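Summary of structural features
Spelled out, the chains give:
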Amino acid sequence: KVFLFHSNSLGQKHCRGFTTKRPVKMSQIRGLVNFIGDIRNCKTEEEERTRIDKELAKIRSSFSNRNVQSYAKKKYMWKIMYMYTLGYTVEFGHMQCVELISSDKFSEKNVGYVGVSLLLIEHNEMLRMCISTIQVDLQSRNEIFQSLALTCVANVGGSEFAENLVPDVQALLISGTSRNFVRKKSALCLLRLLRQYPENCPSPQIAQQIIKLAEHRNVGVVTSVLSLLTGLATYDSESYGDIVPVAIRLLHQFVINRECSKEYIYYRTPCPWLQVKLLRILQYYPPPKDKNMLNKLHDILDRVVTKTEVTQSVNKNHADHSILFEAMNVIIHLNLHGEDMLHDRAIHKLL
């Protein structure tokens, strides 16, 4: 069974004054299930085309009636998006997407945001009509609506969204009241917009607040923020230089002390994906001037180079050697910047 767009593993819960119910299942929309069954049972391309044209004509006629009920509108929009993903041209339903995202009901807002992400990417005029509604959802106190809006912004991207929504997205990232899953989505949404339009890079004034999130107690938040910080360092490395000591402290925690929550230990290696990100961001900056930090970095790299071995587990080998190869890149980077550190040992390891 497929859940539509956004599911909440907690089922029904209260979100700061709002109540969200379990996500709608496709199996509960009988008309949609029957239509998909009809399409799958078509024997020829011509038969499928005929069935599609018939359904499109029916939906177009229904949309011409202003009194379409909520359930029917959602069902028709899911059908339109299904036909669109099959490769058929759909030239209507765009205004219904704009209307649905303005709803206060999760099921309607959900289908509306999926429709915007799929159908409106090439319609800038329609996307402009969505901006004010998206801003309302980003500024709301409903974390589910915030997540739907962030997912849509990240999927669509575009200059209009980047210019108008970056302040709201970064506000969610650094807000002290944002839930962890909202922070993760905010970081990755900002990264998506940054890659498309670097001129909309967050202000250097909030650099320290973003760097502080790299020490968040939730490893998932730290992983997402490290991806964002790596992107930010690409365009504005000077403003985010304070990430270096933070990265070294985290690496020391994982590599030397081996401290990590059980759920983030992968084949006895603490947070391998996060270790790779931490090693990668160090390559954007010169060696630390603080001798204590430099010694810690030496110990970390030495441990990675000397202790990484080939095992019988393919998954463990992949995780450990991804860390090893990134550590090699850091060693090369440090030596290019005048630090004679572990050069011979790294060469010997490669041989």
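Here we summarise the structure given alongside this text. (Residues numbered from 1 in each chain as written. Predicted model: local features only at pLDDT ≥ 70, side-chain atom pairs only at ≥ 80, totals over all residues. Heavy atoms only, no water.)

1. Description of the overall build of the protein chain
Just so we agree on the cut-off: A run of H or I in DSSP becomes a helix once it reaches four residues, and a run of E becomes a strand once it reaches two; helices and strands are each numbered from the N terminus. Each residue is placed in one exposure class: buried if its accessible area under a 1.4 Å probe, protein chains only, is under 20% of its type's maximum, exposed if it is over 50%, and partly exposed if it falls in between. What makes two residues a contact is simply this: any of their non-hydrogen atoms within 4.5 Å.
In terms of regular secondary structure, the protein chain is built from 16 helices and four strands. If one aligns the C-alpha atoms of the protein chain with their principal axes, the spans along those axes are about 75 × 45 × 35 Å. Put simply, the protein chain has 351 residues, and 51% of those count as buried. Long-range pairs, those at least 24 residues apart, make up 66% of the contacts in the protein chain with a sequence separation of at least 6.

2. As for unusual backbone geometry
Positive phi values are uncommon outside glycine, yet Tyr267 reaches one of about 50 degrees. Tracing the backbone through its elements, the reader meets Tyr267 in the loop between β3 (265–266) and β4 (269–270). If you check the backbone angles, Arg268 has positive phi at about 65 degrees while not being a glycine. Structurally, Arg268 is set in the loop between β3 and β4. Relative accessible area serves as the criterion here: at 59%, Arg268 is assigned to the exposed category.

3. Brief notes about the layout of surface pockets
Under the convention used in this document: Cavities and pockets were defined on a 1 Å grid built over protein atoms only: a cavity is a set of grid points that admits a 1.4 Å probe from which the probe cannot escape, a pocket is an open set flanked by protein on both sides within 12 Å along at least five of seven lines, and lining residues are those with an atom within 4 Å of any such point. Grid points are joined across faces, edges and corners, and a volume is the space filled by probe spheres set on the points. Each residue gets one of three labels, nonpolar for Ala, Val, Leu, Ile, Met, Phe, Trp, Tyr, Cys and Pro, charged for Asp, Glu, Lys and Arg, and polar for the others, Gly among them.
Space inside the largest pocket adds up to approximately 320 Å³. Looking at the largest pocket, it is lined by 16 residues, and the ones nearest its centre are Arg258, Thr269, Lys307, Thr308 and Asp320. Of all elements in the fold, only α12 (243–256), β4, α14 (291–307) and α15 (314–336) reach the threshold of two or more residues within the lining of the largest pocket. Of the residues contributing to the lining of the largest pocket, the split by class is five nonpolar, four polar and seven charged.

4. Topic: a positive patch on the surface
As a reminder of what qualifies: Each patch is assembled from residues with relative accessible area greater than 30% and no salt bridge, linking like charges that lie within 9 Å and nonpolar side chains (Val, Leu, Ile, Met, Phe, Trp, Tyr) that lie within 5 Å. Values of accessible area rely on a 1.4 Å probe in the Shrake-Rupley scheme; residue burial ignores everything except the protein chains shown. Think of a salt bridge as a Lys or Arg side-chain nitrogen and an Asp or Glu carboxyl oxygen that are within 4 Å of each other. Working convention for charge: Lys and Arg count positive, Asp and Glu count negative, and His plus the chain ends are omitted. A single reference atom marks each charge: NZ on Lys, CZ on Arg, CG on Asp, CD on Glu.
A cluster of basic residues, Arg258, Arg268, Arg303 and Lys307, forms a positive patch at the surface. If you trace the backbone, Arg303 turns up in helix α14.

5. Some remarks on the packing of helix α7 (residues 143–156) against helix α9 (residues 180–196)
The condition that has to hold: To get an axis, a line is fitted to the C-alpha atoms, and for a helix only the part in contact is used. The angle between two axes follows their N-to-C directions and goes from 0 to 180 degrees. Angle categories: roughly parallel below 35 degrees, roughly antiparallel above 145, roughly perpendicular from 65 to 115, and oblique for all the rest. Left-handed describes a crossing in which the near helix is turned anticlockwise from the far one by less than a right angle; the clockwise case is right-handed.
Where α7 meets α9, the closest approach of the two axes is 9 Å, and the angle between their N-to-C directions is 20 degrees. As summarised for this structure, α7 and α9 are arranged roughly parallel, according to the angle between their axes. By crossing handedness, the relation of α7 to α9 is classed as left-handed. In contact with Glu143, Gln146, Ser147, Leu150, Thr151, Val153, Ala154, Asn155 and Val156 of α7, α9 contributes Phe181, Val182, Lys185, Ser186, Cys189, Arg192 and Leu193. Class assignment for the residues of the contact of α7 with α9 results in eight nonpolar, five polar and three charged.

6. Some details on the pattern of salt bridges
One pass over the full model with this rule turns up twelve salt bridges. Among the salt bridges present, the one from Glu160 reaches Arg128, with a minimum N-O distance of 2.8 Å. Placement of the pair is Glu160 in helix α8 (residues 159–174) and Arg128 in helix α6 (residues 124–139), with a sequence separation of 32 residues. One salt bridge in this structure joins Asp320 and Lys316, with 2.9 Å as the shortest N-O distance.

7. Things to note about a nonpolar patch on the surface
A grouping of Tyr266, Tyr267 and Trp273 is seen on the molecular surface, where their side chains present a nonpolar patch of about 280 Å² in accessible area. Classification of Tyr267 as partly exposed rests on a relative accessible area of 37%.

8. Describing the nonpolar core
Heads up, the rule is: Among buried residues, those of type Ala, Val, Leu, Ile, Met, Phe, Trp, Tyr and Cys that are joined through side-chain atoms within 4.5 Å constitute a nonpolar core.
Formed by 109 residues in total, the largest nonpolar core has its most connected members in Leu229 and Leu301. Look past the residues within four positions of Leu229 in its chain and what remains in contact with it is Ile210, Ile211, Ala214, Tyr240, Ile243 and Ile281.

9. Quick word on α7
Note the cut-off: Here, expected helix span is obtained from the residue count minus one, scaled by 1.5 Å. The term polar contact refers here to a pair of N or O atoms within 3.5 Å; inside protein, the definition further demands a hydrogen-donor-capable atom paired with an acceptor-capable atom, and it admits residues adjacent in sequence only when both atoms are side-chain atoms.
With 14 residues, α7 should cover 20 Å at 1.5 Å per step; its first-to-last C-alpha distance of 20 Å lies within 8% of that length. Within α7, twelve of the 14 residues are buried, which leaves it mostly tucked inside the rest of the structure. Among the residues making up α7, those that are buried are Glu143, Ile144, Phe145, Gln146, Ser147, Leu148, Ala149, Leu150, Thr151, Cys152, Val153 and Val156. Capping the start of α7 is the job of one residue whose side-chain oxygen sits 2.9 Å from the backbone nitrogen of Ile144: Asn142. Looking one or two places after α7, you find Gly157, whose phi comes out positive at around 65 degrees.

10. A closer look at α14
The end-to-end C-alpha distance of α14, which contains 17 residues, comes to 24 Å, matching closely the 24 Å that a straight helix rising 1.5 Å per residue would cover. All of the buried residues in α14 are Met293, Leu294, Leu297, Ile300, Leu301, Asp302, Val304 and Val305. For α14, the secondary structure elements touched by its buried residues are α12, α13 (272–282), α15 and α16 (343–350). The N-cap of α14, judged by a side-chain oxygen 2.9 Å from the amide nitrogen of Asn292 a few residues on, is Asp290.

11. A short note on the environment of Asn41
If you trace the backbone, Asn41 turns up in helix α1 (residues 30–41). One polar contact links the side chain of Asn41 to the main-chain carbonyl oxygen of Gly37, over a distance of 3.0 Å.

It is worth stressing that arrangement in space is one thing and function is another; only the former is reported here.
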